Amino acid sequence: MTNPLVIFETSRLLIRRLKADDLMDLCNICSDSEVMKYVGNSEPLTLDQVKEWLVVTENNYKTRGFGNYAIIDRYSNLLIGYCGLVYSKQIQKIELIYALNKQHWYLGFALEASNGMVAFGFEVLKLKAIYASIDPENSASENILKKLGFRYVFTENDEFGYPTRYYKISQTYYDEVRAGREVRE
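Residues numbered from 1 in each chain as written. Predicted model: local features only at pLDDT ≥ 70, side-chain atom pairs only at ≥ 80, totals over all residues. Heavy atoms only, no water.

1. Looking at the packing of helix α1 (residues 23-30) against helix α2 (residues 47-63)
Phase 1 of the analysis: Following both chains from N to C, one finds α1 and α2 inclined at 120°, their axes separated by 10 Å at the closest point. The orientation of α1 relative to α2 falls into the category oblique. Read as a crossing pair, α1 and α2 show a hand that is right-handed. In this structure, α1 contributes L23, M24, L26, C27 and C30 to the contact, and α2 contributes L47, V50, K51, W53 and L54.
Phase 2 of the analysis: For the contact of α1 with α2, the per-class residue count stands at 9 nonpolar, no polar and 1 charged. (Axes fitted to C-alpha atoms, helices over the stretch in contact; angles between N-to-C directions. Helix = DSSP H or I, 4+ residues; strand = E, 2+ residues; numbered from the N terminus. Parallel < 35°, antiparallel > 145°, perpendicular 65-115°, else oblique. Left-handed = near helix turned anticlockwise from the far one by under 90°. Contact = heavy atoms within 4.5 Å. Nonpolar A, V, L, I, M, F, W, Y, C, P; charged D, E, K, R; others polar.)

2. Structural notes on helix α4 (residues 139-148)
Phase 1 of the analysis: Turning to α4, its buried residues number three or more, namely S141, E142, I144, L145 and L148. An end-on view of α4 places all buried positions within 160° of arc, on one side of the element. In α4, the exposed positions angled more than 90 degrees off the buried face are occupied by K146 and K147.
Phase 2 of the analysis: Buried-residue contacts for α4 involve β5 (93-100), α3 (109-124), β6 (129-134) and β8 (163-170). (Buried < 20%, exposed > 50% of the residue type's maximum accessible area, 1.4 Å probe, protein only. Arc of directions from axis to C-beta.)

3. A word on the pattern of salt bridges
Where charged atoms of side chains with opposite charge meet at close range, the side chains can pair.
Phase 1 of the analysis: Using the criterion set out here, one finds 6 salt bridges in the structure.
Phase 2 of the analysis: In this structure, the salt-bridge partner of D22 is R16, at a minimum N-O distance of 2.8 Å. The same class applies to D22 and to R16, which are both buried.
Phase 3 of the analysis: The closest approach of N and O atoms between K102 and E34, which form a salt bridge, is 3.3 Å. Within this pair, whereas K102 is found in the loop between β5 and α3, its partner E34 is found in the loop between α1 and α2, the two being separated by 68 residues in sequence.
Phase 4 of the analysis: Bridged by salt links that share partners, the residues E142, K146 and R165 form one connected network. (Salt bridge = Lys/Arg side-chain N within 4 Å of Asp/Glu carboxyl O.)

Next up, the structure:
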């Protein structure tokens, strides 16, 4: 990889930093009520909210060394979603987040991007644990988390008052699974 914006690639995806040029593509994803059903307060984002989110994301890259990233389909070169690691004020932990435009649901892209992001978190950022939060009705995301090795840890209301299930994968568990050893966590 020669592009400094790219953090990793998979067979079908390129994961890179979000940039100002991504505004309209990101807005198309985040303004879709069906895509946002299980994200945040379940409300689509406005153009101004997406602009602010890009500013926050750029600040996260500078202050934390990580944040939210663009998911690019390597074959079409289109931005098809986002995936990242963000600091959750709610639980004061690093969380995995992702969303894809509807045309790319159920094709394995969310699992592919999230698997790479977890590897990035543990292997590059040297995180000790990664959490994820989902709406209890979001069975698709729950299945992805289980395939990645996340385990359920607790349920509580999120900052918007919605019941939220929290999952976690530890670096120890990740390393054991990658090594093919029996896991005792």
